[in-house]
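Working through the structure, step by step
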Amino acid sequence: MSDVSVLDVNGIKTTLDSAALDALRGAMRGAVLRPGDAGYEEARRIWNAMIDRRPALIARCEGTADVLAAVSFARRHKLRIAVRGGGHNIAGNAVCDDGLVIDLSPMRSVRVDPVAKRAVAGGGTLLGDFDHETQAFGLAAPVGINSTTGLAGLTLGGGFGWLSRRFGLAVDNLIAADVVTADGKLLRASAKENPDLFWGLRGGGGNLGIVTSFEFKLHPVGPEVTAGLIVFPLQQGKKVLEKYRAFALKMPKDLNVWVVMRKAPPLPFLPSHVHGTNVVVLALCATGEGAKADRAVARLRRFGKPVGEHVGRMPFVAWQKAFDPLLTPGARNYWKSHNFTELNDEVLGHLIDFAGRVPSPHCEVFVGALGGQVNKVAADATAYPHRDAEFVMNVHGRWETAAEDDRCIGWARELFRATAPSASGVYVNFMTQEETDRVRAAYGPNYDRLAKIKAKYDPKNVLCMNQNVKPAS
């Protein structure tokens, strides 16, 4: 390897000579990529095409030993670090300009113990990998809704999905984690081992260390569930959303129903005249017995007069991939998000108004229901604090060309501002890169405790490519 120009942690440009780079390459089982190398361009790309950064080095870690070697190298040379798991984070924190990316994406192994109902997953695991292995035994943990999402980033921020009302957040099902800290040590974090670190990992968003493996408890789910979509025209939006609001607060834990508001994609079960029109979609997943689920679906249909429906028994792994075509990598994405303890009439009015003028056929507003088991956990039991939130709104701006940036970002920000007076906080995984002023709101009463733990495990704030909690002084 020849010399390479890098930025250190103070933003000063320096040079790594070929001997140093050869030493890193020799210490790793995985590849070390630099600009111009085969595979570099692909490795630096992440899900959100608005993020276009060029790291000086990408360490493609094949295991914990590689992570230890990469952290040791970064400490020795005082390099800026970014950590990549699935690369799905909206803020783009998985990559940095002119620094070192510690890339965990090759670490996708998932080992299931079906008797103990446990699974151990590598730091680069995607939700599709996890579901594939656990569902082979009719087991699952509550994770997200898109199979290409990284398990690490989702979990470290809290993690919610279709199963959360029944089984809680991803962090509520985390038993232990193996963590490489900023000083290059490997620690085990659990309720009994480094419990302060374990508390902070469960929602702390990657501030405390690089997690190389996660151990989850699993629950019997599927392999088939009742799931699908019921589509209503936006003209019925007020009635549908009012009925949904009342229903969501009383629905059983084994049912989850979310709202998606957008222009109808050309789905085969929708009449052609509905394609491209503004719609309100109820997306549902029921894990209970079939007859009970069927009664719930019948009640949802009566929220209005549907223009199309696709609901039935299907493999849980298939439902977990159902939204993948709408969330493929390579598009430009910008999100704005709020939590709500209730959806008041003013919020519903804004949702309908802005859904009626989405600036791109790929833009949407979704409202996810929490409640259930999520809200039965004390707010200070984990770093994730929002145990009073009943709903999460994500204004998902998504489009194809840079020429659309101002229009789509402006729409998302305007809806965000309009609904802010009724909001109760924000989910850290839905925050964009410019929202550093909202980090304290993301952690609320848990922020100061998290900052103290940060000072213990990362006093120099080496791991700062995240929604950063600065070490308490």
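The rules behind the values
Residues numbered from 1 in each chain as written. Predicted model: local features only at pLDDT ≥ 70, side-chain atom pairs only at ≥ 80, totals over all residues. Heavy atoms only, no water. Core = buried A, V, L, I, M, F, W, Y, C linked by side-chain atoms within 4.5 Å. Buried < 20%, exposed > 50% of the residue type's maximum accessible area, 1.4 Å probe, protein only. Helix = DSSP H or I, 4+ residues; strand = E, 2+ residues; numbered from the N terminus. Patch = residues over 30% accessible without salt bridge, like charges linked within 9 Å, V, L, I, M, F, W, Y side chains within 5 Å. Areas by Shrake-Rupley, 256 points an atom, 1.4 Å probe, with all protein chains shown as cover. Salt bridge = Lys/Arg side-chain N within 4 Å of Asp/Glu carboxyl O. Lys, Arg positive; Asp, Glu negative; His and termini not counted. Charge placed at Lys NZ, Arg CZ, Asp CG, Glu CD. Pairing = 2+ DSSP bridges. Axes fitted to C-alpha atoms, helices over the stretch in contact; angles between N-to-C directions. Contact = heavy atoms within 4.5 Å. Parallel < 35°, antiparallel > 145°, perpendicular 65-115°, else oblique. Left-handed = near helix turned anticlockwise from the far one by under 90°. Nonpolar A, V, L, I, M, F, W, Y, C, P; charged D, E, K, R; others polar. Phe/Tyr/Trp six-rings, centres within 6.5 Å; stacked < 30°, edge-to-face > 60°. Expected span 1.5 Å × (residues − 1).

Looking at the nonpolar core
Counting residues in each nonpolar core, the largest one holds 83 residues, and the members touching the most others are Y244, V257, M261, L282 and W319. Considering every element that reaches this core, the biggest residue donor is strand β16 (residues 278-286), with eight residues. With 40 residues, the next largest nonpolar core counts V112, L154, A170 and M431 among its residues.

Quick word on a positive patch on the surface
A contiguous patch of positive charge, built from K239, K243, K250, R299 and R302, is present on the exposed surface. The topology assignment puts R299 in helix α9 (residues 290-301).

Digging into the sheet that holds strand β15 (residues 255-263)
Spatially, the seven strands line up as an open sheet ordered β17-β14-β16-β15-β19-β20-β18, and their pairing is antiparallel. Both outer strands of the open sheet, β17 (308-315) and β18 (332-340), are each paired with one neighbouring strand and no more. With strand direction ignored, the average angle separating the axes of adjacent strands in the sheet is 15 degrees. Strand direction decides the pairing type here: strand β19 (residues 364-369) and strand β20 (residues 391-399), joined by six bridges, are antiparallel. Within the sheet, the bridge partner assigned to V367 lies in β20 and is M393. Along the sheet, α9 contacts β14 (224-233), β15, β16 and β17; its crossing angle with β14, the most-contacted strand, is approximately 5 degrees.

Some thoughts on unusual backbone geometry
Here the amide bond leading from G222 into P223 is cis, since omega sits at 10 degrees, within 30 degrees of zero. Non-glycine residue N461 carries a positive phi angle of around 55 degrees. If you trace the backbone, N461 turns up in the segment after α14 (447-457). The class of N461 is buried, set by a relative accessible area of 16%.

Focus on the pairing of strand β2 (residues 13-16)
Here four bridges tie strand β1 (residues 4-7) to β2, and the two strands are oriented antiparallel to one another. Bridging across to β2, V4 finds its partner in L16. Hairpin remark: β1 followed by β2, antiparallel, with five residues in the connecting loop; positive phi at G11, about 80 degrees.

As for the packing of helix α11 (residues 345-355) against helix α12 (residues 405-419)
Relative to each other, α11 and α12 sit at 165 degrees, their axes nearing to 9 Å. Looking at the two axes, α11 sits roughly antiparallel to α12. The chirality of how α11 crosses α12 is right-handed. The segment α11 lies against α12, with V347, H350 and F354 engaging W411, E414, L415, A418 and T419. Residues of the contact of α11 with α12, tallied by class, amount to five nonpolar, two polar and one charged.

With respect to the side chain of T134
With respect to the element layout, T134 can be found in helix α4 (residues 127-135). You can call T134 buried: its relative accessible area is 0%. Ignoring any residue separated from it by four or fewer positions in sequence, one finds T134 in contact with V112, A119, L139, A140 and L218.

Observations concerning the pattern of salt bridges
For side chains of opposite charge, pairing can occur when their charged atoms come near one another. Counted by the stated rule, this structure contains 26 salt bridges. Measuring nitrogen to oxygen at the nearest pair gives 3.8 Å for the salt bridge that ties K185 to D183. Judged by relative accessible area, D183 falls into the partly exposed class, the value being 34%. The residue R440 makes a salt bridge to D448 at a minimum N-O spacing of 3.4 Å. Overall, the relative accessible area of 46% leaves D448 in the partly exposed class.

A word on the sheet that holds strand β4 (residues 57-60)
If you walk across this open sheet you meet the four strands as β3-β4-β6-β5, and the pairing is mixed. Each having just a single partner strand, β3 (32-33) and β5 (81-84) make up the two edges of the open sheet. The pairing of β5 with strand β6 (residues 100-103) spans four bridges and is parallel. Within the sheet, the bridge partner assigned to V83 lies in β6 and is I102. The sheet strands contacting helix α3 (residues 64-77) are β4, β5 and β6, and the helix crosses β6 at an angle near 165 degrees.

A few points about the environment of D178
Position of D178 among the secondary structure elements: in strand β10 (residues 174-180). Take D178: its relative accessible area is 22%, and that puts it in the partly exposed class. C-alpha of D178 to C-alpha of R118: the two residues are 60 residues apart in sequence and 15 Å apart in space.

Looking at the packing of helix α1 (residues 18-27) against α3
Interaxial distance between α1 and α3 falls to 9 Å at its minimum, and their mutual angle equals 160 degrees. The orientation of α1 with respect to α3, classified from their angle, is roughly antiparallel. As for how α1 packs across α3, the hand of that crossing is right-handed. Residues A20, L21, L24 and A27 of α1 form the contact with α3, whose own contacting residues are D66, A69, A70, F73 and H77. Here the contact of α1 with α3 is built from residues that sort into seven nonpolar, one polar and one charged.

Observations regarding the packing of aromatic side chains
For any pair of aromatic rings, the description consists of the separation of the ring centres together with the inter-plane angle of the planes. Throughout the structure, instances matching the rule amount to 17 aromatic pairs. On the numbers, 5.5 Å between centres and 70 degrees between planes, the contact of F130 with F216 is edge-to-face. Pair noted here: F130 is in helix α4 and F216 is in strand β12 (residues 210-217), with a separation of 86 residues, a long-range link. Residue classification places F130 among the buried residues on the basis of a relative accessible area of 0%.

Overview of α3
The α-helix winds at 3.6 residues per turn, so residues separated by three or four positions along the chain end up facing the same way. In this model, α3 (14 residues) spans 20 Å end to end at C-alpha, consistent with the 20 Å of a helix rising 1.5 Å per residue. Within the sequence span of α3, burial applies to D66, V67, A69, A70, V71, F73 and A74. Within two residues after α3, K78 carries a phi angle of roughly 55 degrees, on the positive side.

Everything listed is a geometric property; what it means functionally is a separate question.
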